[in-house]
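Coordinate analysis (summary)
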Amino acid sequence: MNKSQQRKPSKPVHPKLNTIHTTFKQAFIIKKNPFPWIKALNAGLAAALPIVIGFSLGYLEYGLLASIGAFTYLYVFNQPYAQRAKRIFCVALGMSLSMVLGSLLAPYPLGTSIVMGLIGAVAIFIFGALKITGPSALFFVLSFAMATGMPSDPSLALLRGGFVFLGGGLSWIICMAGWFISPHGPETTAIKKVYVELAYFLDSIGKANFDIARHQTVLVMKQAENMLLAGYSSKRKTDTFTRLFLLNEQANRIFLETLDLSMEKNLTIPSELAQSLRNLAQAIGTKKRKTANILRLHGVGKELENLFMKIHNASRILNDPIEKIQQEVRISKPSLKTTFLNAFDKNSIVFLSAIKFGIILMLASIIAYSFGFDRSYWVPLSCAAVMSGPTVIATFHRAVQRTFGTIIGVLLASVILVSVHNGYMVAFIILCLTFLTELFIVRNYGIAAMFFTPSALVMAEYSAKVYKFSFFATVRITDIIVGVIIGLIGIFLVGRKSASSVLNHFTVATIRSQGQFLLSLFSKNNQSIHFEECKERDRMQTNLVNLLTVYDTALGELFSNKAKLESLWPVIFSVNQIGYYLESSFKYYERPTLPDKDLAQLLYVFETMALTLENNQYPIEKHVPEIEGFSNIQNQILNLQKALRFEESF
């Protein structure tokens, strides 16, 4: 074969270009999440009803203002109603205040830019510190931005804010309607899921999926505990809530007992136990609780008999009269002050994310107003929407999705604004667009952007009565592109490696705090530790939450070292398991007092592991003293030492 005929080897693609190409394709993936039909319909009704009422009374512009407040409903998730009532009220109040501030500051571009950045930063910080899922700062920024684009008249600030609050109030009524049917519906669903996962965990013992099942069970139980804490009210404690709380506590006991049994290699867990847990799950939340069928075991050893009795006790908690259940409900919730102070730290990922978000949003707003863009507020609003992604990769996905989705959405909005001038038709269109937004937001953000773009445009522009197709299409597309570019540049410059750079720090801090907490658990007078005021426990929980947040954020960095992150996962997993076991030991057992030499050895082990990570040293396994009745803690510390052998430090 001639040299000229030989095929030249293809030039390898640069790794970073390949990463960008892969990330770009991922933006168009359609997820297989179930459609939230009920939530989508309720969101549509919440947005459309204010417009219908306003137009019927001859005040369409006021109806459109109230419809902005209806965005409050988009903050409704599967929260307990006790928490939902407070959260949605606060969101409605915050959006109203944003509207008032936007109306007052509209004549002052620099003041508008600064306050917009502050609103975004404060909202990101609060939602991050309280670990609230959802749109976060987006709709507070939207309410403020829309106010700056309305005819400048500071005297109307309170009136506009009042109508936004009325729209939020209507959303509050709609989202709380389910309370009359099932006051503890979200909590009940969470506890049912716990017992389903427990059954799956029992089935996994001795199989290849054991570690996955164990991790998933811990995750589900932690979510259920957070759900119950969120739904707790010291002023109104119902029998149903008490049962659910005790069922979750009993599930933790069953899980720990099963973990102990899983250490015995030759022990087989009878399938009847897993089936009994599934029967319990089916019975939770039903009126005919007696249908819970606990399958009796015969001819088994003492260990399995103890596990059976714990499952049987769960059935008693579900079925017996509440006054016969001799178990104390102990609720431990950190105060809001403690929560915010823990998040207000120079190394806190929540605090750093809030500062970055606020600065980039402020710069986007300054650029928009300085260059005199038509409808300047759409630039920072688009920037905020793009930056709402939890990671750098998610931000890139949102940029791609929002660009394509908005272009189609702008064309749709322009057609609506040019051709539809009847208030009732506007309300119906808003209902349909909001319904489709909520329906598809769980599948792909870009598809949702095709619907929420015209929805927001109609609300913001309809009262202006300017229906020129080319104007709206050109202005909106220009603004979205500029906003997306600013958001991407900002996130890329300040956030591409920030989580990775502090990951070791948070891992070290968490391991050290766990050693301190373990010391308080098993030292002299450990029974005198007050459940609600254990500083070592609070410190460990804060560090653990920060660690998991930072690790998830690092996974989403565009050019992160995936090999290093994957090598660290066994460490993160073991640290998370130790935290769970220590927390469970604090709540459920009579704890022994360890000799001083054992406590000193345990502290030495934790400090050695922390120094291994901190100084990038080769780990040497140390002896871990036996903790009678708490073999799970001892075994997991040994697992953590092994995991550190394969970890690559950052």
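In this section: the overall build of the protein. Regarding its fold elements, the protein presents 24 helices and zero strands. Split into buried and exposed, the 650 residues of the protein put 52% on the buried side. The contacts of the protein with a sequence gap of at least 6 include a subset with a gap of at least 24, amounting to 80%. Of the roughly 30200 Å² of accessible surface on the protein, 62% is carried by carbon and sulfur atoms.

Looking at the secondary structure, you find R160 in helix α7 (residues 157-176). As a buried residue without a salt bridge, R160 has its nearest oppositely charged side chain in D153, at a separation of 6.0 Å. Ignoring any residue separated from it by four or fewer positions in sequence, one finds R160 in contact with L65, M99, S103, A147, M150, P151 and D153.

Inspection of every chain in the model, using the stated rule, returns 25 aromatic pairs. Between Y75 and F139, the ring centres sit 6.1 Å apart and the planes meet at 75 degrees, which makes this aromatic pair edge-to-face. Taken together, the residues span a long stretch of sequence, with Y75 in the loop between α3 (60-69) and α4 (81-105) and F139 in helix α6 (residues 138-149) at a distance of 64 residues. Each member of the pair, Y75 together with F139, is buried. When the centroid spacing of 5.0 Å and the interplanar angle of 50 degrees are considered together, the rings of F201 and F255 count as tilted.

Note that A643 resides in helix α24 (residues 631-643). Take A643: its relative accessible area is 8%, and that puts it in the buried class. Here the alpha-carbon distance between A643 and I572, two residues 71 residues apart in the chain, equals 9.2 Å. For A643, the contacting residues outside a window of four places in its chain are P570 and V571.

Our focus in this paragraph is the environment of K622. Among the structural elements, K622 can be located in the loop between α23 (596-614) and α24. Separated by 19 residues in sequence, K622 and Q641 place their C-alpha atoms 8.1 Å apart. Those residues within four positions of K622 in sequence are excluded, and the remaining contacts are Q601, Y604, V605, T608 and Q641. Within the structure, K622 has its side chain in polar contact with the side chain of Y604 (distance 3.4 Å).

All right, on to the environment of L93 then. Among the structural elements, L93 can be located in helix α4. Remark: the alpha-carbon pair of L93 and L166, spanning 73 residues in sequence, is separated by 9.8 Å.

So, on to unusual backbone geometry. A positive phi is found at K131, a non-glycine position, where the angle reads about 55 degrees. Relative to the helices and strands, K131 is located in the loop between α5 (109-129) and α6. Notably, S136 is not glycine yet its phi reads approximately 55 degrees, a positive angle. Its place among the elements puts S136 in the loop between α5 and α6.

Here we come to the pattern of salt bridges. A full pass over the atoms with the stated rule returns nine salt bridges. For the salt bridge of K222 with E225, the shortest nitrogen-to-oxygen distance reads 3.6 Å. Remark: E225 and K222 occur in helix α9 (residues 210-231); sequence separation between them is three residues, near one turn of the helix. A relative accessible area of 33% means that K222 is categorised as partly exposed. Given a relative accessible area of 16%, E225 falls into the buried group. Its salt-bridge partner being D320, residue R316 comes within 3.0 Å of it at the nearest N-O pair. What makes R316 partly exposed here is its relative accessible area of 41%.

What follows concerns the nonpolar core. Among the nonpolar cores identified, the biggest contains 174 residues, and I68, Y195, F255 and I637 are the most heavily contacted of them. By residue number, the principal contributor to this core is helix α10 (residues 239-262), which donates 11 residues. Non-local contacts of Y195, meaning those with residues more than four positions away in its chain, are made with L247, Q250, A251, I254, L277, L280, A281, I284 and A314.

As a further point, take a nonpolar patch on the surface. A surface patch of nonpolar side chains, amounting to about 600 Å² of accessible area, comprises L110, I114, L118, I355, I359, L363 and I366. Among the secondary structure elements, those contributing two or more residues to the nonpolar patch are α5 and α14 (349-370). Broken down by element, the residue count for the nonpolar patch peaks at four residues, all from α14. Examined against the element boundaries, L363 turns out to sit in helix α14.

Here the focus is α10. For α10, built from 24 residues, the straight-helix expectation of 34 Å at 1.5 Å per residue is met to within 8% by its first-to-last C-alpha distance of 34 Å. Along α10, 20 of the 24 residues are buried, which leaves the element largely enclosed by surrounding structure.

On to the packing of α3 against α7. Where α3 contacts α7, the two axes come as close as 6 Å, and the packing angle between them is 55 degrees. Of the possible angle classes, the one that applies to α3 and α7 is oblique. As α3 packs across α7, the resulting crossing turns out to be right-handed. Contacts between α3 and α7 involve Y62, L65, A66 and G69 from the first element and L159, R160, F163, V164, G167, G168 and S171 from the second.

What counts and how
Residues numbered from 1 in each chain as written. Predicted model: local features only at pLDDT ≥ 70, side-chain atom pairs only at ≥ 80, totals over all residues. Heavy atoms only, no water. Helix = DSSP H or I, 4+ residues; strand = E, 2+ residues; numbered from the N terminus. Buried < 20%, exposed > 50% of the residue type's maximum accessible area, 1.4 Å probe, protein only. Contact = heavy atoms within 4.5 Å. Areas by Shrake-Rupley, 256 points an atom, 1.4 Å probe, with all protein chains shown as cover. Lys, Arg positive; Asp, Glu negative; His and termini not counted. Salt bridge = Lys/Arg side-chain N within 4 Å of Asp/Glu carboxyl O. Phe/Tyr/Trp six-rings, centres within 6.5 Å; stacked < 30°, edge-to-face > 60°. Polar contact = N/O pair within 3.5 Å; in protein donor to acceptor, adjacent residues only side chain to side chain. Core = buried A, V, L, I, M, F, W, Y, C linked by side-chain atoms within 4.5 Å. Patch = residues over 30% accessible without salt bridge, like charges linked within 9 Å, V, L, I, M, F, W, Y side chains within 5 Å. Expected span 1.5 Å × (residues − 1). Axes fitted to C-alpha atoms, helices over the stretch in contact; angles between N-to-C directions. Parallel < 35°, antiparallel > 145°, perpendicular 65-115°, else oblique. Left-handed = near helix turned anticlockwise from the far one by under 90°.

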